[in-house]
2 protein chains.
Amino acid sequence: MTDDPWVPPVVLLAVDLVILTLRESRLHVLLVERGIDPYKGSLALPGGFLQHDGEDITAAAHRELSEEADLDVEALSLEQFGVYGEPGRDPRGRVVSVAYLAIAPRLPEPSAGTDAADAGWQSADSVLLGDLELAFDHRRIIADGVERARVKLEHSALATAFCGPTFTITDLQDVYEAVWGISLDPRNFYRKVQKTEGFIVPAGTARKAATGRPARLFRSGPCTVLRPPMTRPAEAASVKE
Amino acid sequence: MTDDPWVPPVVLLAVDLVILTLRESRLHVLLVERGIDPYKGSLALPGGFLQHDGEDITAAAHRELSEEADLDVEALSLEQFGVYGEPGRDPRGRVVSVAYLAIAPRLPEPSAGTDAADAGWQSADSVLLGDLELAFDHRRIIADGVERARVKLEHSALATAFCGPTFTITDLQDVYEAVWGISLDPRNFYRKVQKTEGFIVPAGTARKAATGRPARLFRSGPCTVLRPPMTRPAEAASVKE
DNA sequence: GCTAGTTCCTGTCAAACTGACAAAAATCTA
DNA sequence: TAGATTTTTGTCAGTTTGACAGGAACTAGC
């Protein structure tokens, strides 16, 4: 018998990334095809284990972001939003996963069929409604991540992260409509974002659109916290929960 | 040479609990005195490692809550709010800690000087301002937990969790004032909470107070999401961030 | 060039909400 | 019975919201 009475159990630590973007005015999430068991061939969130014993968790998230998603890391917001560690969620052992939320502007179409697994942006609806089978508990993680994004849109300037460096007010409205899954009155939306101080600032030239009156361009303003917040219509807020 | 190229590093998983309550109209946090190294003798959050390999993280949080804090577990809300896993935060090795926020109603004074370490409720201000030395990165964790509570007070009915089963509107206002660290107009507060549907409901008898007009009693209503939200005055919101 | 179609932007108006404050109601104390 | 204290009900002006009308700026088709 040893002198040492009890040692705490150890776990494997992973990070999973919920990366959201807008494509054709609909919310999409980045998924990759798993190359190894378990769930080989299934779609899953980008992510993976800590690389070495001394790697910081946030650093691991950034590393996976560039490794698996090949995205411009610097430009992306990256926020921890949950931990998933239920015993049995991974057949390999006790795996605890830290989930991060990232928002990406619309990027140029990835060349279809590159060497990377041909998975890519998938409609968030198809994932959340269960049309698509996902590895592990990743559907649950995506649901939580999307809900977090919905809430953040109300109180923060996160919506601008979905847009490029400059954007029109209609672009911004598309973000709100896609993430919240509702439609908003353009006139009232225009007034609201304009008078929310520090949300967006004019960006010089006003040009765009193949048809209709050209829209003014804006860029993200200095404030990250919206005062007053954007209010989500009653039905929309009660869909979840 | 083995066939196995690489194995992911393992970590020790812990939970830490930020348990908040109100005492004498001020926000307090529950701290315990560490009985073992490292930081033996220092104040720290209640918490600890997973007990065995198959223990669920949330279950561990509940276990620690009853073990270390001796609180009526059932009545408490318990919400995960962050993960702290910076390498080097614990000299024993790579420890990753999942932080939970719990809100407790004002409890009967614990008999001073029981067998449990005489630590107990400490003023949140004294912790956050650095008057009190804490083990590990626990001050940081408390700061994040308090900030989470501040935000949740705006949009959820969390404030009622600080109160007993029945309470007066003034009791509720005390919660907001203590957590937000500001003072509010009683007339406007009264009107606001009354017309926020489902927040609080009348609870029969109306009695209380040694002096002044007796206040009506209420109990927590059915809604957990406040529509419209309680709005925190501008200065208060901008203190943080 | 003119008209129709489209999109963006500026107004308007009533209803609801907010912040500041007055004053009445219900109790205890002196 | 006269404060003192605390809760509750109002009031009032300024702001915000939601719903909707209509003008402005541009493209496409004739």
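Keep in mind that what you see is a predicted model, and the values were worked out from it rather than measured.

Draft legend 1. Broad picture of the confidence of the model for chain A. Here chain A averages 89 in pLDDT, and 89% of its residues register 70 or above. Here residues 236–241 of chain A is a poorly scored stretch, pLDDT under 50, and it has 6 contacts once near neighbours within four places are set aside; other chains count.

Draft legend 2. Representation of the relation of the copies chain A and chain B in the model. Rotating chain A by 180° and translating it 0.0 Å along the rotation axis places it on chain B, where the RMSD comes to 0.0 Å. Expressed as a symmetry operation, the mapping of one chain copy onto the other fits a two-fold axis. Taken together, the interface assignments show that 100% of the residues at the interface of chain A recur at the interface of chain B, consistent with an identical surface on both copies.

Draft legend 3. Molecular detail of the pattern of salt bridges. Taken as a whole and judged by the stated rule, the model has 28 salt bridges over all chains. With a shortest N-O distance of 3.9 Å, Glu147(B) and Arg232(B) are connected by a salt bridge. Taken together, the residues span a long stretch of sequence, with Glu147(B) in helix H3 (residues 138–155) and Arg232(B) in the loop between strand E10 (218–220) and helix H6 (234–239) at a distance of 85 residues. Judged by relative accessible area, Arg232(B) falls into the buried class, the value being 5%. One network of salt bridges, in which partners are shared, links Glu55(A), Arg63(A), Glu64(A) and Glu67(A).

Draft legend 4. Spatial organisation of the nonpolar core. Residue and element names in this part refer to chain A. In terms of nonpolar packing, the biggest core is built from 43 residues, with Leu20, Leu172 and Tyr176 touching the most fellow members. Contributions of two or more residues to this core are made by strand E1 (10–23), strand E2 (26–30), strand E6 (77–84), strand E7 (95–103), helix H2 (124–128), helix H3 (138–155), helix H4 (169–180) and helix H5 (186–195). Here this core takes 7 residues from H4, the largest share from any one element. Viewed by domain, this core spans two of them, domain 1 (12–153) and domain 2 (156–237), each represented by three or more residues. Once residues lying within four places of it in the same chain are set aside, the contact partners of Tyr176 are Leu153, Ser156, Ala159, Gly181, Leu184, Phe189, Phe199, Leu226 and Met230.

Draft legend 5. Quick peek at the side chain of Ser156(B). All names here are of chain B. Relative to the assigned elements, Ser156 resides in the loop between H3 and helix H4 (169–180). Overall, the relative accessible area of 12% leaves Ser156 in the buried class. For Ser156, the side chain forms a polar contact with the main-chain oxygen of Lys152, separated by 2.8 Å.

Draft legend 6. Representation of the interface of chain A and chain B within the structure. Between chain A and chain B, the contact holds 32 residues from the first and 32 residues from the second. Note on chain A versus chain B: buried area summed over both sides is about 2,700 Å², and carbon and sulfur give 62% of it. Its largest share of buried area at the contact with chain B, chain A owes to Pro9(A), Val83(A) and Arg94(A), together 19% of the area lost on that side. Taken together, the connections running from chain A to chain B amount to 0 salt bridges. Seen at the junction of chain A and chain B, the total is 11 residue pairs in polar contact (both at pLDDT 80 or more).

Draft legend 7. The arrangement of the protein's contact with DNA strand D in detail. With respect to spatial proximity, 21 residues lie near DNA strand D, and among them Arg187(A), Arg191(A), Pro214(A), Thr170(B) and Arg216(B) are the closest. Here a base nitrogen of DNA strand D sits 2.9 Å away from a polar atom, N or O, in the side chain of Arg187(A). Separating a phosphate oxygen of DNA strand D from a side-chain N or O atom of Lys192(A) is a distance of 3.1 Å. Those elements that place two or more of their residues in the surface near DNA strand D are H5 of chain A together with helix H5 (186–195) of chain B. No other element matches the 5 residues that H5(A) contributes to the surface near DNA strand D. Per-class residue counts for the surface near DNA strand D are 5 nonpolar, 5 polar and 11 charged.

Draft legend 8. Spatial organisation of the pairing of strand E1 (residues 10–23) of chain B. Of all 14 residues in E1(B), 13 are buried; the element is thus mostly enclosed. Sheet analysis places E1(A) next to E1(B), joined by 3 bridges and oriented antiparallel. Its bridge partner being in E1(B), Val10(A) is matched across the sheet by Leu12(B). Bridge analysis of E1(B) against strand E7 (residues 95–103) of chain B gives 9 bridges, and the strand direction is parallel. Across the sheet, Leu13(B) pairs through a bridge with Val96(B), a residue of E7(B). Sheet analysis places E1(B) next to strand E5 (residues 47–49) of chain B, joined by 3 bridges and oriented antiparallel. Looking at the pairing, Val15(B) lines up with Gly48(B) of E5(B). Relative to strand E2 (residues 26–30) of chain B, E1(B) is paired through 4 bridges, and the arrangement is antiparallel. Residue Arg23(B) lies in a different strand from E2(B), and its bridge partner there is Arg26(B). Once E1(B) ends, the chain turns through 2 residues before running back antiparallel as E2(B), passing Glu24(B) with a positive phi of about 55°.

Rules used throughout
Within every chain, residues take consecutive numbers counted from 1 along the sequence as written. Chain A is the first chain written and ligand 1 is the first ligand written, with later ones labelled in order. Note on the predicted model: pLDDT of at least 70 is required for a residue's local features to be given, and 80 or more for side-chain atom pairs to be given and counted; whole-chain, interface and lining totals, by contrast, use all residues. Values reported for side chains reflect all heavy atoms of the structure, with hydrogen atoms and water molecules removed beforehand. Each residue carries a pLDDT score, the predictor's confidence in it, ranging from 0 to 100. Note on contacts: a residue pair is in contact if any heavy atoms of the two residues lie within 4.5 Å. For the least-squares superposition of copies, only C-alpha atoms count, and only for residues with pLDDT at least 70 in both. What counts as a salt bridge is simple: a side-chain nitrogen of Lys or Arg found within 4 Å of a carboxyl oxygen of Asp or Glu. Comment: elements are numbered from the N terminus, with helices defined as DSSP H or I runs of at least four residues and strands as E runs of at least two. Only protein chains enter the accessibility calculation, which uses a 1.4 Å probe; a residue whose area is less than 20% of its type maximum is buried, one above 50% is exposed, and one in between is partly exposed. For our purposes a nonpolar core is just a set of buried Ala, Val, Leu, Ile, Met, Phe, Trp, Tyr and Cys residues, chained together by side-chain atoms within 4.5 Å. By convention here, the domain bounds are inherited from an automatic or database domain assignment. Polar contacts, as counted here, are pairs of nitrogen or oxygen atoms within 3.5 Å of one another; within protein the pair requires one atom able to donate a hydrogen and one able to accept it, and residues that are adjacent in sequence qualify only if both atoms are side-chain atoms. We define buried area as the total accessible area lost by two parts upon association, computed with a 1.4 Å probe and summed across both. The near set for a molecule or strand comprises every residue that places at least one heavy atom within 4 Å of it. For this classification, the nonpolar set comprises Ala, Val, Leu, Ile, Met, Phe, Trp, Tyr, Cys and Pro, the charged set comprises Asp, Glu, Lys and Arg, and every other residue, Gly included, is treated as polar. A pair of strands counts as paired when DSSP detects no fewer than two bridges linking them.

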